[in-house]
Amino acid sequence: MAIPELALRQIERWCAQRVPEHLQDRVRVECRTRGRAVTIVERRAQAGPEWSEHEIAQLRFDEFGIWSVWWTDQTGQWLNHPDAPVASTPPALLAEIDRNPGGVFWG
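The text that follows walks through the structure, step by step, so that each part is easy to find. Since the model is a prediction, treat every value here as computed from it, not as a measurement.

**Focus: the sheet that holds strand S1 (residues 27–34)**
Reading across the sheet, the five strands line up as S1-S2-S3-S4-S5 and stay open at both edges, with antiparallel pairing between neighbours. What marks the edges here is a single partner per strand, and that holds for S1 and strand S5 (78–80). For this sheet, the mean inter-axis angle between neighbouring strands, taken without regard to orientation, is 30 degrees. Relative to S5, strand S4 (residues 67–72) runs antiparallel, the two sharing three bridges. Its bridge partner being in S5, Trp70 is matched across the sheet by Asn80. Contacting S1, strand S2 (37–45), strand S3 (51–61) and S4, helix H1 (residues 5–16) crosses the sheet at an angle of about 160 degrees to S1. Of the strands in this sheet, S2, S3 and S4 touch helix H2 (residues 91–99), which is tilted by about 135 degrees from S3.

**Structural notes on the pairing of S3**
Two strands pair when backbone bridges link them, and S2 and S3 are joined in this way by nine bridges, in the antiparallel orientation. Paired with Val38 across the two strands is Leu59, which belongs to S3. Counting the residues in the hairpin turn of S2 and S3 gives five residues, including Gly48, whose phi is positive at 85 degrees. Pairing of S3 with S4, which is carried by four bridges, proceeds in the antiparallel orientation. What sits directly across from Gln58, in S4, is Trp70.

**A closer look at a nonpolar patch on the surface**
Residues Phe64, Ile66 and Val86 make up a contiguous nonpolar surface patch of roughly 320 Å² in combined accessible area. Along the chain, Ile66 turns up in the loop between S3 and S4. Of the residues examined, Ile66 reaches a relative accessible area of 30% and is grouped as partly exposed.

**Topic: the environment of Ala47**
Here Ala47 shows up in the loop between S2 and S3. Sequence spacing of Ala47 and Ser88 is 41 residues, and the spatial spacing of their C-alpha atoms is 41 Å.

**Structural notes on the packing of aromatic side chains**
Here the structure, examined in full by the defined rule, presents one aromatic pair. Geometrically, the ring pair formed by Phe61 and Trp67 is tilted, given 4.9 Å between the ring centres and 40 degrees between the ring planes. Classification of Phe61 by relative accessible area gives buried; the value is 5%. Of the residues examined, Trp67 reaches a relative accessible area of 0% and is grouped as buried. A cation over an aromatic ring shows up here: Arg60 above the ring of Trp70, its NZ or CZ 3.7 Å from the ring centre.

Procedures and definitions
- Residues numbered from 1 in each chain as written.
- Predicted model: local features only at pLDDT ≥ 70, side-chain atom pairs only at ≥ 80, totals over all residues.
- Heavy atoms only, no water.
- Pairing = 2+ DSSP bridges.
- Helix = DSSP H or I, 4+ residues; strand = E, 2+ residues; numbered from the N terminus.
- Axes fitted to C-alpha atoms, helices over the stretch in contact; angles between N-to-C directions.
- Contact = heavy atoms within 4.5 Å.
- Patch = residues over 30% accessible without salt bridge, like charges linked within 9 Å, V, L, I, M, F, W, Y side chains within 5 Å.
- Areas by Shrake-Rupley, 256 points an atom, 1.4 Å probe, with all protein chains shown as cover.
- Salt bridge = Lys/Arg side-chain N within 4 Å of Asp/Glu carboxyl O.
- Buried < 20%, exposed > 50% of the residue type's maximum accessible area, 1.4 Å probe, protein only.
- Phe/Tyr/Trp six-rings, centres within 6.5 Å; stacked < 30°, edge-to-face > 60°.
- Lys NZ or Arg CZ within 6 Å of the ring centre and 35° of its normal.

The structure is reproduced here in C-alpha cells:
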C-alpha cells in the first residue's frame, strides 16, 4: 500500500509552515519519502552552496493503513515513540511532533 497523496500533501504543508518566510533562505523544514516512510528534516544554510541536514522525525505508514511516529537517538537509530498516538491520518502525529514531548524531536 503506497502513501496516500492527500497524506503526503498534509505532511508537506505542515513542513512548509514551520519556518517564517523571512527565514527560509537560512532554515527549512522539508520531507523525503522512501517506501512507506516520510522523514522530516531541518535544513540550515552553511557557508557556500551546502546545507546541513538534521533528521527530526519519521512518519511510517504500515500495511494496515496506520501511521506511527519515530524519532532518532544520538546514534542515528530510529525508535518508535512509545507515547505517541497511532492514527489513520498524519495530523495527530504532526501535532505530537509540535508538542515535542521530552524534547526528542526538536532537541
